[in-house]
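# Notes for the structure review
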Amino acid sequence: MTAPRPAERLPGAAELRVGVLGCADIARRRMLPAVAGTPGVRVAAVASRDPGKAGAFAARFGCDAVDDYERLLARPDVDAVYIPLPTGLHARWTVRALDAGKHVLVEKPAAGTLAEAREAVGLARERGLALMENFAFLRHGQHAAARRRLHDGEIGELRALQSSFGIPPRPPADIRYRRELGGGALLDVGAYPLRAAVLYLGDDVEVVGAVLRVGPGREVDTAGSVLLATPAGVTAELGFGFEHAYRGHCALWGATGRLVLDQPFTPPPTARPVLRLSGQDHDQRFVLDADDQFGNTAAAFAELARGPAAAREEQYARILRQAALLSAVRDTARVIRPA
């Protein structure tokens, strides 16, 4: 008799037991506290090739420490896996986790190439497993508020979106600069405004042009700009990089006004984001409710793992669409290497 799939072992409100591959900072600061605080979800084990790191995580989150990724995937008391590994390892360990019968929440981007994304989605669909890419900002209430105002016509017909995400230079040995680990600004910070463009402009947005800059002494892109457009001519102008003062920004420019979010991607759970709405003869400022986008994501993933297989198709489609856009940016981009 074949072993039951995790989805079949998780009816209704059954506890979802989560294993973690890797001890990344995003896991320690944001995602694991959210997972541990979600009703019906428990951190069961964390794996690291550094026993000291695994032990420290296990002590904090009250779970088991494992010194090998494969050993964690073989555990029968793990229903789902969270993968915060370096970008270049996402697809490999996503496929291994799915092959082991585990639902998967993977940090963005889920895959470095469209071919990798297709392999992962195909396996998830075949096994009836949940697969979610962790763009937590999508589940912050400020974006629902902005989309409502856009839908209600408060800035008229949308003409353009402008979005950027940049962070200061990282330490020289940072993994974001390592090509073999999937480093580069496009996959790391550029993925955010690219995903925001799809959120607001729709799935039919396409890459029109792009520039990627490779900083002096680097082997990966450290900054870039992308121009997207819909068939109707609505455009998205995106900027990103590791060579900047910190900035997260998203502006919707319509026929009669403009709507701006200044913390679109990484607001702390206690922050009350500001939405600014301006027109020809008015300028309004709305302080929105605080929201925990990581807590919302953990709850959404648990619901996806417990729910019917048909509910997972939207997440599969989102992963494939994002991978296709990232590939199109790379294929289109003019790469500049300053002397």
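From a predicted model like this one, the values you see are computed outputs, not experimental measurements.

## A look at the sheet that holds strand S6 (residues 131-134)
- Read across the sheet, six strands follow the order S3-S2-S1-S4-S5-S6 without closing on themselves; strand pairing throughout is parallel. Each edge of the open sheet carries a strand with a single partner, namely strand S3 (64-66) and S6. Averaged over neighbouring strand pairs, the angle between their axes works out to 25° when direction is ignored.
- Here six bridges tie strand S1 (residues 16-21) to strand S2 (residues 41-47), and the two strands are oriented parallel to one another. Counterpart to Arg-17 in the pairing with S2 is Arg-42.
- Lying on the sheet, helix H5 (residues 90-99) is in contact with S1, strand S4 (80-83), strand S5 (103-107) and S6; it crosses S5 at an angle near 170°.

## Notes on helix H6 (residues 114-127)
- With 14 residues, H6 should cover 20 Å at 1.5 Å per step; its first-to-last C-alpha distance of 20 Å lies within 8% of that length.
- At the C-terminal side of H6, Gly-128 shows a positive phi close to 70°.

## Side note on the environment of Ala-145
- In this structure, Ala-145 sits in helix H7 (residues 141-151).
- Residue Ala-145 is classed as buried on the basis of its relative accessible area, which comes to 10%.
- For the pair Ala-145 and Leu-275, spaced 130 residues apart in sequence, the C-alpha to C-alpha distance is 8.7 Å.
- Once residues lying within four places of it in the same chain are set aside, the contact partners of Ala-145 are Leu-275 and Leu-288.

## Some points on the pairing of S1
- For S1, a buried count of five out of six residues is recorded, marking the element as mostly surrounded by other parts of the structure.
- The parallel pair S1 and S2 is bridged by helix H2 (residues 25-36), and the resulting crossover is right-handed.
- When S1 meets S4, the two strands line up parallel, connected through three bridges. Considered in S4, the bridge of Val-20 is made with Tyr-82.

Cut-off values and rules
Residues numbered from 1 in each chain as written. Predicted model: local features only at pLDDT ≥ 70, side-chain atom pairs only at ≥ 80, totals over all residues. Heavy atoms only, no water. Pairing = 2+ DSSP bridges. Helix = DSSP H or I, 4+ residues; strand = E, 2+ residues; numbered from the N terminus. Axes fitted to C-alpha atoms, helices over the stretch in contact; angles between N-to-C directions. Contact = heavy atoms within 4.5 Å. Expected span 1.5 Å × (residues − 1). Buried < 20%, exposed > 50% of the residue type's maximum accessible area, 1.4 Å probe, protein only. Right-handed = clockwise from strand over helix to strand, strands pointing away.

The values are spatial; any link to function lies outside them.
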